[in-house]
Amino acid sequence: MKKLLLILIFSASTFASPAAAYLAYVSNEKGNTISILDTDKLDVVATIKVGRRPRGIELNKNGSELYICAGDDDAIQVFDTQAQKITGKLPSGPDPELLTLSPDGETIYVSNENDNLVTLIDIKRKDQIGDIPVGVEPEGMAISPDGKLLVNTSETTNMAHLIDTKTKTIIANILVDNRPRFATFKHDGSELWVSSEVGGTISVIDPEKKIIKQKISFDIPGMSKEAIQPIGVSITRDGARAFVALGPANRVAVINAQTKEVEKYLLVGQRVWHLAFTPDEKYLLTANGVSNDVSIIDVANLKVVKSIPVGAFPWGVVVAPQ
Amino acid sequence: MKRLSAILWLLLAALPAYAQTLTIKVGVLRQTHSRETLSILDLPAMDDGLAGALLGAVDNNTTGKFTQQNYEVIDSKLDQEADVAKEIDALIDKGAHFIIADLSAQNLLDASAIAKKRDTILFNISAPDVNLREEDCRANIIHVAPDRAMLADGLAQYLIWKQWRRWLLIKGSHPEDDALAQAYRRAAKKFGAKIIEERLYQDTGGGRRSDSGSVQTQRQMPTLTQNAAAYDVLLAVDENNVFAAYLPFRTWEPKLVVGSAGLYPTNWDAAHEQWGAHQLQNRFIANYHRPMNARDNAAWLAMRVIGEAAVRTQSNRPADLLTYILGKDFSIAAFKGVRLTIRSWNQQLRQPILLSDGRMTISVSPQEGFLHQTSELDTLGYDQPETKCRLQ
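Cut-offs applied
Residues numbered from 1 in each chain as written. Chains lettered and ligands numbered in written order. Predicted model: local features only at pLDDT ≥ 70, side-chain atom pairs only at ≥ 80, totals over all residues. Heavy atoms only, no water. Helix = DSSP H or I, 4+ residues; strand = E, 2+ residues; numbered from the N terminus. Rg over C-alpha atoms; globule rule 2.2 N^0.38 Å. Buried < 20%, exposed > 50% of the residue type's maximum accessible area, 1.4 Å probe, protein only. Contact = heavy atoms within 4.5 Å. Areas by Shrake-Rupley, 256 points an atom, 1.4 Å probe, with all protein chains shown as cover. Lys, Arg positive; Asp, Glu negative; His and termini not counted. Charge placed at Lys NZ, Arg CZ, Asp CG, Glu CD. Phe/Tyr/Trp six-rings, centres within 6.5 Å; stacked < 30°, edge-to-face > 60°. Lys NZ or Arg CZ within 6 Å of the ring centre and 35° of its normal. Pairing = 2+ DSSP bridges. Right-handed = clockwise from strand over helix to strand, strands pointing away. Domains from an automatic or database assignment. Buried area = accessible area lost by both parts, 1.4 Å probe. Salt bridge = Lys/Arg side-chain N within 4 Å of Asp/Glu carboxyl O. Polar contact = N/O pair within 3.5 Å; in protein donor to acceptor, adjacent residues only side chain to side chain. Expected span 1.5 Å × (residues − 1). Disulfide = S-S within 2.5 Å.

Asker: It is not clear to me how the overall build of chain B should be interpreted in this structure. Could you clarify?
Answerer: In terms of regular secondary structure, chain B is built from ten helices and 16 strands. Expected size for 392 residues packed as a compact globule is a radius of gyration near 21 Å; at 21 Å, chain B falls within 12% of this value. Oriented by its inertia axes, the alpha-carbon framework of chain B measures out at about 75 × 55 × 40 Å. Counting across all 392 residues of chain B, residues that qualify as buried make up 56%. Intrachain contacts of chain B at a sequence separation of at least 6 include 71% that bridge at least 24 residues. When the accessible surface of chain B is summed, it comes to about 17,000 Å², and 51% of that surface belongs to carbon and sulfur atoms. Charge separation in chain B, taken as the distance between the mean sites of 44 positive and 45 negative side-chain charges, equals 2 Å.

Following this line, the structure appears as structure tokens:
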């Protein structure tokens, strides 16, 4: 009996946390905090005070560091996820908003809106190592899985600028619809998706041919066209499905990423900005700017299963690998 | 002027020399605005309006580096005696077939007649007259500025939302004030408000500034506003800056002032920073060392409309650009939270109306709950079924 009990205790302690407990980080634009969520408990486990107006956030590959664009502090802060402390900052230039990391984890690419530049930062040296002139108000940043192609979107020029990371020069400029805010590659690198907030569309770009191969638009009964403003985009690893945050339409569109047909609209919180999958793609988390919460979408069943209150005006969201 | 041409020249010099660069010349034809303002803060700058067009050209030229396009601004400032016909001809002679116009209604119509003969499109950035969009509408004018009906409706929707339905209207004695009062009467009827009384403030002329300061004003304004029936807000109608700014904090009863002072409707305000607008404000202040006003913004937006159409059509022909601007694919981002498009029936830019107190954006109309079958933006101003415009 004692032995059995021991076994029970042992197994309980071993298996108390199922495999899918990840930590998600949510930047709260007005709260000046990062909310840390446990994706198993589906609850906030910590709230950390960071720099002013945190928006774009990215983790390094092993999840040990989180890089936070603190716009009003004109810097990218480095957050140690183990110690849960800010350990330093990177010189981003004024008002950083979105960033992306090179696949080798050594370089940060950040859009520098005031100067119409994409700025390169060496993470180890904490130093700027170059600039690439782009269009007016650079914003969205993405890098191809092989690290060769960097993409920046410029909000007023309305272009996706395709940049060769080796030569650090623009190799193509692709006109998209108004106010392109976000870009992401399919995991196999075969497609580049760019969202146009004001234009209300997604441009699917063939990175090889450097042309738009398809445009996706949205139609929600009873909602004016102007209210549908695509921002964050997340595509499943197998490339089958895409999820698009529609801003003040308070919905996430579910898209068949093969046919590009919209399958469903999921009602989430108000003004949904950015999205992130858990690494097992069981859940998709959405940062809802106006309702101050995060919606949890069950990816397999396409259902919103919970909304979790976070700080004031959540904007960015990332989930750490285990 | 020397400095201006230096700036223009720099703009050109900054561009790499492409073999097939397409040049788009844009004229800025602008009236001299009165320096008779009640507040020193409202004095027009030397580059009023022009600065917005120049910034628009800087933005377009940044894009132009990638599209081999080059935008050039040609400034023409009119003094009181200037002959508009001569000035517009001179601009067109210099190759400007797109003209950003800050003109009175009559001057704009005169300019339109000349422009029509010479394959030129005008962008109205200031005249708020409803007739320009209605019975006197013209096929070669795009109205970037909102008209009085849109402004009045924008304010009225917010007042209704606040349940401030009873208005005491005090209007000035100029013809523009009659037109603006009419827009507010229409808005009251349209949205269910009541104008409990109308009063007149007679402009007796004379200097607006004196060393005696606020002593007399402090006594006049309570008198002007006393003995009214119960009301919620005092609606000041004063387009010429004669008295409205004197009203806040001086009314007989402790009442809010809206309209031409207090909470006012506008297409742009220097305090607006939502939806990324702070980026534009920052750029403007960095370049021109002053805040961006409504005319500057409309000029910037007109230049962006031209840029957007030229980039998408890869053309500098007025007919190509106009077709695109009026087509279903056209939309433009202007830091107001939604895409802006053009009303096909009268060529008025659809746009939200900002409500500002000069320090903050208090709200943005259309307000929630004012519904429309095609675009909520069309709850502001004259809608298609009621238009009298027959474009010609």
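From this point on, the discussion continues.
Asker: Explain the packing of aromatic side chains here, please?
Answerer: Evaluated as defined, the whole model comprises nine aromatic pairs over all chains. With a centroid separation of 6.4 Å and an interplanar angle of 70 degrees, the aromatic rings of Tyr25(A) and Phe79(A) are classed as edge-to-face. Highlighted residues: Tyr25(A) in strand β1 (residues 23-28) and Phe79(A) in strand β6 (residues 75-80), separated in sequence by 54 residues. Across this residue pair, the class does not change: Tyr25(A) and Phe79(A) are buried. Their ring planes at 90 degrees and their centres at 5.3 Å tell us that Phe191(B) and Phe370(B) sit as a pair that is edge-to-face. Of the two residues, Phe191(B) is situated in helix α6 (residues 175-191) and Phe370(B) in the segment after β16 (361-365); the sequence distance between them amounts to 179 residues. Here the basic side chain of Lys30(A) rests over the ring of Phe313(A), its NZ or CZ set 4.9 Å away from the ring centre.

Asker: Explain the pairing of strand β4 (residues 121-124) of chain B here, please?
Answerer: Here is the key point about a regular strand: its side chains alternate between the two faces of the sheet. All names here are of chain B. Across the two faces of β4 the burial is the same, with Ile121 and Phe123 and Leu122 and Asn124 all buried. Both strand β3 (residues 98-102) and β4 contribute to a ladder of four bridges, which runs parallel. Pairing of Ile99 across the sheet is with Leu122, part of β4. Crossover handedness for the path β3 to helix α4 (residues 105-117) to β4: right-handed.

Asker: Is there a simple way to think about the domain arrangement of chain B in this case?
Answerer: It is common to give the size of an interface as the accessible area lost on bringing the parts into contact. Residue and element names in this part refer to chain B. Structurally, chain B comprises domain 1 (2-146 + 269-351) and domain 2 (149-265). Each of domain 1 and domain 2 has a C-alpha centre, and these two points are 31 Å apart. Taken together, the contact between domain 1 and domain 2 spans 14 residues of the former and 15 residues of the latter. Across the domain 1 to domain 2 interface the summed buried area is about 1,100 Å²; carbon plus sulfur atoms make up 58%. Joining domain 1 to domain 2, the criterion identifies zero salt bridges.

Asker: How should I be thinking about the interface of chain B and chain A in this particular structure?
Answerer: Across the contact, 25 residues belong to chain B and 31 residues belong to chain A. Applying the counting rule to chain B against chain A returns one salt bridge. A salt bridge links Glu137(A) to Arg283(B), with the nearest nitrogen and oxygen atoms 2.6 Å apart. Between the two partners, chain B and chain A, sit 14 residue pairs in polar contact (both at pLDDT 80 or more). If you list the elements that add at least two residues to the side of chain B that touches chain A, you get α2 (50-67), α8 (277-288), α9 (294-313) and β11 (332-333) of chain B.

Asker: In this structure, what is going on with α8(B)? I would like to understand it.
Answerer: An α-helix turns once per 3.6 residues; consequently, residues spaced three or four apart project the same way. Residues and elements named next belong to chain B. End to end, α8 covers 16 Å across twelve residues, agreeing with the expected 16 Å (1.5 Å per residue, within 8%). Of the residues making up α8, those classed as buried are Ala277, His278, Gln279, Leu280, Gln281, Arg283, Phe284 and Tyr288. On its buried side, α8 packs onto α2 and α9. Remark: His289 follows α8 within two positions and exhibits a positive phi of approximately 60 degrees.

Asker: What is the right way to look at the state of the cysteines in this model?
Answerer: Covalently bonding the sulfur atom of one cysteine to the sulfur atom of another cysteine gives a disulfide. Residues and elements named next belong to chain B. What the rule picks out here adds up to one disulfide over all chains. Paired by a disulfide, Cys137 and Cys389 hold their sulfur atoms 2.1 Å apart. Taking the sign of the S-S torsion, 90 degrees for the link of Cys137 and Cys389, the bridge is right-handed. In this pair, Cys137 sits in the loop between β4 and β5 (141-143) while Cys389 sits in the segment after β16, placing the two residues 252 residues apart along the sequence.

Asker: I'm lost on the pattern of salt bridges in this one. Help?
Answerer: Two side chains carrying opposite charge are able to pair once their charged atoms lie near each other. Summed over all chains, the structure comprises 41 salt bridges over all chains. Across the pair Arg271(A) and Glu197(A) runs a salt bridge whose closest N-O atoms are separated by 3.3 Å. With Arg271(A) in the loop between β23 (262-267) and β24 (272-277) and Glu197(A) in the loop between β17 (192-196) and β18 (201-206), the pair connects residues that are 74 residues apart, well separated along the chain. For the pair Arg271(A) and Glu197(A), a shared accessibility class is recorded, and that class is buried. Ionic pairing is found between Asp59(B) and Arg283(B), a salt bridge with its closest N-O pair at 2.8 Å. Highlighted residues: Asp59(B) in helix α2 and Arg283(B) in helix α8, separated in sequence by 224 residues. A relative accessible area of 13% means that Arg283(B) is categorised as buried. Salt bridges sharing partners connect three or more residues here, namely Arg55(A), Asp95(A), Glu97(A), Glu139(A), Glu155(A), Arg179(A), Arg181(A), Glu197(A) and Arg271(A).

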